[in-house]
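Breakdown of the fold
Single-letter residue listing:
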Amino acid sequence: MRQPVLLLAMQAAWSCLCRATQHYPAAWGHYDVCKSQVYTDEGLTWDYMACQPEAGDMTKYLRVTLDPPNITCGDPPETYCALENPYMCNNECDANTVELAHPPELMFDFEGRNPTTFWQSTSWRKYPKPLLVNITMSWNKTIELTDDIVITFESGRPEQMVLEKSLDYGRTWQPYQFYATDCLDAFTMDPKTVQDLTQHTLLDIICTEDYSRGYVWKYDKTVRFEIKDRFALFAGPQLHNMASLYGQLDTTKNLRDFFTITDLRIRLLRPATGATMVDENNLSRYFYAISDIKVQGRMHTQLSLTCDGRPWTRASLLLCKDCECFGHSNRCSYIELLNTVICVSCKHNTRGQHCQLCKLGYYRNATAELDDKNVCLECKCDPFGSESDRCNGTGFCKCKEGATGPKCTECQPGYLWNNGCKSRVCDELLRCQNGGVCHNNLRCQCPAAFTGLLCEKPRCEGEAAGCGDPDSGQAALRLPPTPLLLLPLLLAPAWAAPL
Ligand SMILES: [Ca+2]
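For clarity, every value in this text was computed on a predicted model and none was experimentally measured. (Residues numbered from 1 in each chain as written. Predicted model: local features only at pLDDT ≥ 70, side-chain atom pairs only at ≥ 80, totals over all residues. Heavy atoms only, no water.)

When helices and strands are tallied, the chain shows 8 helices and 34 strands. Carbon and sulfur atoms provide 52% of the accessible area of the chain, an area that totals close to 26800 Å². (Helix = DSSP H or I, 4+ residues; strand = E, 2+ residues; numbered from the N terminus. Areas by Shrake-Rupley, 256 points an atom, 1.4 Å probe, with all protein chains shown as cover.)

Here you go:
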């Protein structure tokens, strides 16, 4: 019977990555096979499984919310000025006319259309009160970012903005990056760029002026959060050495978490003004407009269900029929990437997708049904006599050299128990030499001038006569290895047989 030691990659896709040594596709973003070590009665083997969904466009799956909620232009209708020409102020925004509306979903629609489609805020009518907008993107799932986050503005790029992330579905937020025309003035931070980062400072949060300078302009509309430049610190400039990156991600939780999100938030703090002075007579020049947001990554779904008879939702009903845990659990998780339902928190020393296997260190009670509380019995392998606390399907432990018995509590002939089975060194047949005295059959206590297992070697101190000289008289006292010393080894095959 195969007994997987490691349960399939539950949340562990990152940790799978580094083990995918047999399958190294050339392109980034195509890890779809990985392997996991499994322990079977035949020994340790590898199991292959799909462990990585492909990277893709994550904006298809998000929910966007704006704060304040009425910050989108067009309700009531208003006119605003073209950015290229602030004196052309006859552009209209009207939420009730499809052609003139600029709702948030236009930040995520298919691009490539001309003219572009975009979301637009109301203009800065309440100047000098700040024009603040939070754009929150929620996935309700864990996303691993695989590429730069790119925000394309239709208006001028904001003079101040913060990109933030959440890893706990929006309960807490951390900044990803600050953006300003003047970092010191806006955030009291020294301006930096991603090129200033090193492997050691990769997780530093910086303020950059790279994406805020300049006004409007056709070819300079994007604001980035540079994921790939950060990857490159481990994987090399062309991302050739992804194994190195994965190795880091696998072992460093902070690093892994850095690239993982459940939510993103763009905090727009000050629109582009293009000048030192804001033109108070022409405030409809100032607003935010975003035509596109790119978020590339991988999604990891783990839906946890409790299937214990409480009122079920339609979704849980559908899944709970597959939540078969033989009475050892009433909780299941749905793993989207494996499209499977697995039991969680198996009790009664069970494990496995359906709690159908025994925990390590336990074995199947042959007289009990699968749903019996006593289905798994403890191996109780002797800690000194056994290789490990695990046993085979009939409760037999794997014994260390010299030990025997189902739990490895006894010694084979030629061995004596002393915190495990120790080879018998001396007895009536195998005597200590040169006046040595046999102690508990485990060692010879030698007179001062002799040493060795059976006190067969003269002890050499300083320049004592004859030491190290094979022709000297004392050398004759050295004994050849006695064949009896091999006795324990000859008795070995009884325990060496596989279980
Ligand atoms: Ca668009």
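Turning next to the UniProt feature "domain: EGF-like" (unreviewed entry) in the chain. According to UniProt, the "domain: EGF-like" (unreviewed entry) feature falls on residues 422–456. Counting secondary structure, residues 422–456 comes out at 0% helix and 29% strand; the distance between its end C-alpha atoms is 21 Å. (UniProt positions renumbered as here; feature names shortened; annotations may be inferred.)

To continue, consider the side chain of Ser212. Turning to its location among the elements, Ser212 is positioned in the loop between β13 (207–208) and β14 (222–225). At 3.3 Å, the side chain of Ser212 forms a polar contact with the backbone nitrogen of Ala180. Every residue in contact with Ser212, bar those within four places of it in the chain, is listed here: Arg157, Pro158, Glu159, Tyr179, Ala180 and Thr181. (Polar contact = N/O pair within 3.5 Å; in protein donor to acceptor, adjacent residues only side chain to side chain. Contact = heavy atoms within 4.5 Å.)

All right, on to the pairing of β14 then. Burial along β14 is one-sided: Val223 and Phe225 are buried, while Thr222 and Arg224, pointing the other way, are not. In terms of strand pairing, strand β10 (residues 149–153) meets β14 through 4 bridges, oriented antiparallel. Following the sheet pairing, Ile151 is matched in β14 by Val223. (Buried < 20%, exposed > 50% of the residue type's maximum accessible area, 1.4 Å probe, protein only. Pairing = 2+ DSSP bridges.)

What follows is about the side chain of Asp263. Within the secondary structure layout, Asp263 lies in strand β15 (residues 260–270). Here Asp263 occupies a buried position and makes no salt bridge, while the nearest side chain of opposite charge, Arg63, is found at 6.2 Å. A distance of 3.4 Å separates a polar side-chain atom of Asp263 from the backbone nitrogen of Gly170. A polar contact of 2.6 Å, which involves the side chain of Asp263, links it to the side chain of Thr262. When neighbours within four sequence positions are excluded, Asp263 is seen to be in contact with Met137, Ser138, Trp139, Glu164, Lys165, Ser166, Tyr169, Gly170 and Trp173. (Lys, Arg positive; Asp, Glu negative; His and termini not counted. Salt bridge = Lys/Arg side-chain N within 4 Å of Asp/Glu carboxyl O.)

Glancing now at the confidence of the model for the chain. Of all residues in the chain, 73% attain a pLDDT of 70 or more, and the chain-wide mean is 79. Overall, residues 1–37 carries pLDDT values under 50, and its contacts beyond four positions in sequence, including any with other chains, amount to 100 contacts. Below a pLDDT of 50 lies the segment residues 468–499, which in the model reaches 35 contacts outside its immediate sequence neighbourhood of four places, other chains included. (pLDDT = per-residue confidence, 0-100.)

Another aspect to go through is the state of the cysteines. Scanning the model with the defined rule gives 13 disulfides in all. Two residues, Cys399 and Cys408, share a disulfide whose sulfurs are 2.1 Å apart. Residues Cys399 and Cys408 share a disulfide whose torsion about the S-S bond is about -90 degrees; that sign makes it left-handed. One exposure class covers both Cys399 and Cys408, and it is buried. Each sulfur of the disulfide joining Cys411 and Cys421 lies 2.1 Å from the other. With the S-S bond torsion at -100 degrees, the cross-link from Cys411 to Cys421 turns out left-handed. Of this pair, Cys411 sits in strand β28 (residues 410–411) while Cys421 sits in strand β30 (residues 421–423); the two residues are 10 residues apart in sequence, bridging distant segments of the chain. What makes Cys421 buried here is its relative accessible area of 11%. (Disulfide = S-S within 2.5 Å.)

Now for the packing of aromatic side chains. Enumeration according to the criterion identifies 10 aromatic pairs in this entry. Taking 4.8 Å as the distance between ring centres and 55 degrees as the angle between the ring planes, the aromatic pair formed by Phe178 and Phe187 counts as tilted. The two residues Phe178 and Phe187 agree in class, both being buried. Looking at Arg265, its charged tip hangs above the ring of Trp173, at a distance of 4.2 Å from the centre. (Phe/Tyr/Trp six-rings, centres within 6.5 Å; stacked < 30°, edge-to-face > 60°. Lys NZ or Arg CZ within 6 Å of the ring centre and 35° of its normal.)

Considering the arrangement of structural elements, one finds Leu416 in strand β29 (residues 415–417). For Leu416 and Ala403, which are 13 residues apart along the polypeptide, the C-alpha to C-alpha distance reads 9.1 Å. For Leu416, the contacting residues outside a window of four places in its chain are Cys411, Cys421, Lys422, Arg424, Asn440, Asn441 and Leu442.

Attention now goes to the sheet that holds β14. Judged by pairing direction, the sheet is antiparallel, and its 4 strands sit side by side in the order β8-β16-β10-β14 without closing on themselves. With partners counted over all chains shown, the strands left at the sheet margins are β8 (119–120) and β14, one partner each. Bridge count for β8 against strand β16 (residues 289–294) is 2 bridges, and the pairing is antiparallel. Pairing of Trp119 across the sheet is with Ile290, part of β16.

This part covers the pairing of strand β9 (residues 133–145). Within β9, 10 of the 13 residues are buried, which leaves it mostly tucked inside the rest of the structure. Bridge analysis of strand β5 (residues 63–67) against β9 gives 5 bridges, and the strand direction is antiparallel. Within β9, the position partnered with Leu66 by the bridge is Ile135. Sheet topology note: the β9/β15 ladder contains 8 bridges and is antiparallel. Paired with Thr136 across the strands is Arg265, a residue of β15.

Moving on, we come to unusual backbone geometry. For the bond running from Asp67 to Pro68, omega is 0 degrees, close enough to zero to count as cis. A cis amide bond links Asp75 to the next residue, Pro76, at an omega of 5 degrees. Counting through the fold element by element, Pro76 comes out in the loop between β5 and β6 (78–80). Its identity is not glycine, yet Thr188 carries a phi of approximately 45 degrees, on the positive side. Judged by relative accessible area, Thr188 falls into the exposed class, the value being 67%. For Cys455, which is not glycine, the phi dihedral falls at a positive 60 degrees. Within the fold, Cys455 resides in the loop between β33 (450–451) and β34 (457–458).

A separate point is the environment of Arg267. Structurally, Arg267 can be placed in strand β15. You can call Arg267 partly exposed: its relative accessible area is 27%. Separated by 200 residues in sequence, Arg267 and Asp67 have C-alpha atoms that sit 9.5 Å apart. Discounting chain neighbours no more than four positions away, the residues touching Arg267 are Val133, Asn134, Gln160, Met161, Val162 and Glu164. Side chain to side chain, Arg267 and Glu164 meet in a polar contact 3.0 Å long.

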